[in-house]
Amino acid sequence: MTQVNILEKTNTAKPCHITMLGTGEATVTKCYNTCFALRSPGCTMLVDAGGGNGILTQMEKAGLGFDELDCMFVTHAHTDHILGAVWVVRMVMHSITEGKRDWAFTIYGHDRSLAVLDTICTITLPAAYSHLRGKQIVLREVTDGEQLRCGDIGFTFFDICSTKEKQYGFCACLPGGLRLACLGDEPFNERNRALVENADWLLCEAFCLERDKGIFKPHEKHHSTAFEAGMAASRLNAGHLLLYHMEDSSLATRKKDYSEEAGKCFRGEIIVPNDLETVTLTPSSQNG
């Protein structure tokens, strides 16, 4: 594995956890677009950043400072995932110029995501920050199947084989041996089974409920229902299933309804988070 030096951190007592900064699909108005912070004792990685400067509000509410971020991974270049990344880059640049951080901020992604992000940053960010790009703001391309280490987390990145927009997911090996698989925001592709099977934690999109697929048309948009996400988790022998990238018309009952539907075919623990919830990553009983 390529060694990526991010920041020396010594507190190994803290468990790994995920803070869901957003849980919604692209057009939500009652919650924020899907993005989250994956945190271990030695690394804080932001995965996507939503569709705009709402990421500033979500991070503030979560108590997560830009000077705490070690790196970011951008799954793909759709607006609800990448436009917030521009704001993250801007705020990290500000943090550097204010003397609040002196270590590099690395942004991982495949070639297209990074090209889109670089173009938007070039056009829109203040010229006074341009000297930071390539030095303290580093765009690091990853390729299909590439492994690298960020702090104390080992990552394997993979192409999810989208037919809409090039997109990568990842499998992370966390301290203590926990495995977390992030499938991006499209259904699981059998091509990647060997990478994500038997994961302790499976992160999977669930666009809507089965009963509502006539309204939301998930299949036309290359998305899954909660039932289909549960089926995928069962086939992959996941320990825990965390659902995201959901519609927002039923927030009051979403936890209950999505959990019950996915639970019709998956017997492991099902997490249906709201925005700003933090989930502690514990081992799964069937996978040790």
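Refer to the preceding data block for the structure.
Below or above, wherever it landed, is the structure these notes cover. (Residues numbered from 1 in each chain as written. Predicted model: local features only at pLDDT ≥ 70, side-chain atom pairs only at ≥ 80, totals over all residues. Heavy atoms only, no water.)

If a strand is regular, its side chains alternate between the two faces of the sheet. By the alternation rule, side chains of strand β8 (residues 147-150) split into L148 and C150, which are all buried, and Q147 and R149, of which none is buried. Bridge analysis of β8 against strand β9 (residues 153-159) gives 4 bridges, and the strand direction is antiparallel. When the bridges of β9 are listed, Q147 appears paired with T156. The loop that links β8 with its antiparallel partner β9 comprises 2 residues; one of these, G151, has a positive phi angle of about 60°. (Buried < 20%, exposed > 50% of the residue type's maximum accessible area, 1.4 Å probe, protein only. Helix = DSSP H or I, 4+ residues; strand = E, 2+ residues; numbered from the N terminus. Pairing = 2+ DSSP bridges.)

Phi at H222 takes a positive value of approximately 65°, unusual for a residue other than glycine. Along the chain, the position of H222 falls in the loop between α5 (213-216) and α6 (226-235). The backbone of L276 sits at a positive phi, close to 75°, despite the residue not being glycine. Relative to the helices and strands, L276 resides in the loop between β14 (269-271) and β15 (278-280).

This next bit is on the sheet that holds strand β2 (residues 17-22). Pairing within the open sheet is mixed, and its 7 strands lie in the order β7-β6-β5-β4-β3-β2-β15. Whereas interior strands pair on both sides, the edge strands pair on one side only; in this sheet they are β7 (137-141) and β15. Averaged over all adjacent pairs, the angle separating strand axes in this sheet is 20°, with direction ignored. As defined by bridge partners, strand β4 (residues 43-47) adjoins strand β5 (residues 71-73) across 3 bridges and the pair is classed as parallel. In the sheet register, V47 faces β5, and the bridge partner there is F73. Sitting on the sheet, helix α1 (residues 54-62) touches β2 and β3 (35-40), and the angle it makes with β2 is about 140°. (Axes fitted to C-alpha atoms, helices over the stretch in contact; angles between N-to-C directions. Contact = heavy atoms within 4.5 Å.)

Let us look at α1. Listed in full, the buried residues belonging to α1 are I55, Q58 and M59. What you see down the axis of α1 is that its buried residues fit within an arc of 95°, all on one side. The exposed residues of α1 that point more than 90 degrees off its buried face are E60 and K61. Each element contacted by the buried residues of α1 is listed here: β2, β3 and α2 (79-97). The first or second residue beyond α1 is G63, which carries a positive phi of 70°. (Arc of directions from axis to C-beta.)

Attention now goes to helix α7 (residues 254-262). Within α7 the residues assigned to the buried category are R254, D257, Y258, E261 and A262. For α7, the buried positions fall inside an angular range of 120° around the axis, keeping them on one side. In this structure, the buried side of α7 is in contact with α6, β13 (240-244) and β14.

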